[in-house]
Amino acid sequence: MSRLYRLLPAARRLRIANDTFQEASFARSSAARIAAPTSQHIRWQHAQAEATTSAAGADHAPQEQPDRSQKQIKYTSESYPNIQRDSRFKELNSDDVKFFKDLLGSESAVIDGVNQDALSDLEGFNADWMKKYRGKAKLVLKPDSTEQVSKILKYCNDNLLAINPQGGNTGLVGGSVPVFDEIILNLSRMNKIRSFDDVAGVFVADAGVILEAADNHLAEHGHIFPLDLGAKGSCQIGGNVATNAGGLRLLRYGSMHGNILGIEAVLPDGTIVDDLSKLRKNNTGYDLKQLFIGGEGTIGIITAISILCPRRSQAVNVAYFGLESYAKVQEAFKEAKHQLGEILSAFELMDHRSQALYNKATGARLPLEAEHPFYCLIETSGSNTDHDSEKLNAFLEHVMGEEIVSD
């Protein structure tokens, strides 16, 4: 197990690792200390494919994807021929695979496409959810502890093997899949909920915990996870933090930067950064966790988080209305913030085209019969149903009376 470094030592090691990587040469020995594939390679040979909103999934494979044959998907490296594989990174061999199998133990923790034909097993990990991007990974590793992640990254760093971290692969822009033959490091087996303090509202869990599972666990204690996404049944909280996912609750609870209290992460050379603080008011030193939030794994892979979770609201109301212009949408938003104040939890905008496409694709009936250029959905959440309903009704009467809202 790597030594646990606190904040300043970790910062120094990270700086040294990054500086050393900039001096990398083709003749560098395998034992050289560089900011390994992790630092160069999470965007690592990924220049054109931007990050996903959420990264997460089930234990053995990413979430169910659209019905389209993997063989029909063009390789990303062919779609973007200007992206070339970095020749400094070595290709996998049987010795590398043996090391990883010995390390992880369980056969289910390794999908080996180097020594055998595992194309069908690798398909779900090599392509993104939209079936637009496709990599050529021959090996998927699924560690179940921070120590295993540390040993994997150290080995890859020392042997110049490129790594692509991946959760549930729920993103829509290809950021969670490899471009070339990177090793896929999937955190789905790191799915333990470590603790929840119902007094302070602090939740601590592994990075591979599914967002919906985390929220359901908190619901049992009367609390709520401050993030909600359409992919919550598959995305992992570590990927949510790594991509700084915003989600439907941002208006009420803010971004990940404000809710995350601490992070446990592994740097490219295998160093474990233990900054898993559960203290809300922490005025000491550098706030290094902010570098990892939204960092997409480029300076290290998040393995656990501690996050502040508010009380779950007892009263929830929803309103849906149509508007005639974007200017009216802005007016409605201003009035919502002014009149609904502390109970406003969501304000979502949709245009007519998106609603028409939804209707065409699903056949579902739209909430309003009349057509409007824009639609808005408002959610309020509070502790008193009568009070919240009264405020929402007053708001709706006002925006209708002022002809801000049409329907």
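Colleague: Lay out a nonpolar patch on the surface in plain terms, naming residues and giving numbers.
Modeller: Together, Met130, Leu172 and Val173 give the surface a local cluster of nonpolar side chains, amounting to about 230 Å² of exposed area. Positionally, Val173 belongs in the loop between β4 (163-166) and β5 (183-186). On the basis of relative accessibility, which here comes to 35%, the residue Val173 falls in the partly exposed class.

Colleague: Outline the sheet that holds strand β13 (residues 374-382), supporting the account with residue identities and numerical values.
Modeller: Spatial strand order, β11-β13-β12: three strands in an open sheet with antiparallel pairing. For this open sheet the edge positions go to β11 (315-323) and β12 (344-351), each flanked by a neighbour on one side alone. Here the average twist between neighbouring strands, direction ignored, is 15 degrees. The sheet strands contacting helix α13 (residues 352-362) are β11, β12 and β13, and the helix crosses β12 at an angle near 80 degrees.

Colleague: I'd like a description of the sheet that holds β4, backed by residues and values.
Modeller: Across the sheet, four strands lie side by side as β2-β3-β5-β4; this open sheet has mixed pairing. Two strands lie at the open edges of the sheet, namely β2 (110-112) and β4, each paired on one side alone. Across this sheet, the average inter-strand angle for adjacent strands is 20 degrees, counted without regard to direction. Both strand β3 (residues 139-141) and β5 contribute to a ladder of two bridges, which runs parallel. Counted as the bridge partner of Leu141 is Leu185 from β5. Strands β3, β4 and β5 of the sheet are contacted by helix α6 (residues 146-159), whose axis makes an angle of about 165 degrees with β5.

Colleague: Explain the pattern of salt bridges to me, using residue names and the numbers behind them.
Modeller: By the definition in use, this model includes 16 salt bridges. In this structure, Lys232 engages Asp228 in a salt bridge whose closest nitrogen and oxygen atoms are separated by 3.7 Å. Residue Lys232 is classed as partly exposed on the basis of its relative accessible area of 31%. In this structure, Asp228 engages Arg249 in a salt bridge whose closest nitrogen and oxygen atoms are separated by 4.0 Å. Residue Asp228 is located in the loop between α7 (211-219) and α8 (237-242), and its partner Arg249 is located in the loop between α8 and α9 (250-253); the two are separated by 21 residues in the primary sequence. The network of salt bridges with shared partners includes Asp215, Asp228, Lys232, Arg249 and Arg312.

Colleague: Quick rundown of the packing of aromatic side chains? Include the residues and the values.
Modeller: Aromatic ring pairs are reported here in terms of the distance separating the ring centres and the angle at which the planes meet. By the definition in use, this model includes nine aromatic pairs. Here the aromatic rings of Phe99 and Phe100 are separated by 5.6 Å at their centres, their planes lie at 75 degrees, and the arrangement is edge-to-face. Among the residues examined, Phe99 registers a relative accessible area of 31% and is labelled partly exposed. Taking the centre distance of 5.2 Å and the plane angle of 75 degrees together, the rings of Phe100 and Tyr155 count as edge-to-face. Here the residue Phe100 occupies a position in helix α4 (residues 94-104), and Tyr155 occupies one in helix α6, the gap between them amounting to 55 residues. You can call Phe100 buried: its relative accessible area is 0%. Residue Tyr155 is classed as buried on the basis of its relative accessible area, which comes to 16%.

Colleague: Mind laying out the nonpolar core, listing which residues take part and the relevant values?
Modeller: In terms of nonpolar packing, the biggest core is built from 53 residues, with Phe100, Phe203 and Phe225 touching the most fellow members. Examining the composition of this core, we find that five residues originate from one element, α6, more than from any other. Dropping the residues within four chain positions of it, Phe100 is found in contact with Leu92, Val110, Leu139, Leu141, Ile152, Tyr155, Cys156, Leu161 and Ile183.

Reading the values: the criteria
Residues numbered from 1 in each chain as written. Predicted model: local features only at pLDDT ≥ 70, side-chain atom pairs only at ≥ 80, totals over all residues. Heavy atoms only, no water. Patch = residues over 30% accessible without salt bridge, like charges linked within 9 Å, V, L, I, M, F, W, Y side chains within 5 Å. Areas by Shrake-Rupley, 256 points an atom, 1.4 Å probe, with all protein chains shown as cover. Salt bridge = Lys/Arg side-chain N within 4 Å of Asp/Glu carboxyl O. Helix = DSSP H or I, 4+ residues; strand = E, 2+ residues; numbered from the N terminus. Buried < 20%, exposed > 50% of the residue type's maximum accessible area, 1.4 Å probe, protein only. Pairing = 2+ DSSP bridges. Axes fitted to C-alpha atoms, helices over the stretch in contact; angles between N-to-C directions. Contact = heavy atoms within 4.5 Å. Phe/Tyr/Trp six-rings, centres within 6.5 Å; stacked < 30°, edge-to-face > 60°. Core = buried A, V, L, I, M, F, W, Y, C linked by side-chain atoms within 4.5 Å.

Any link to function would need more than the numbers given here.
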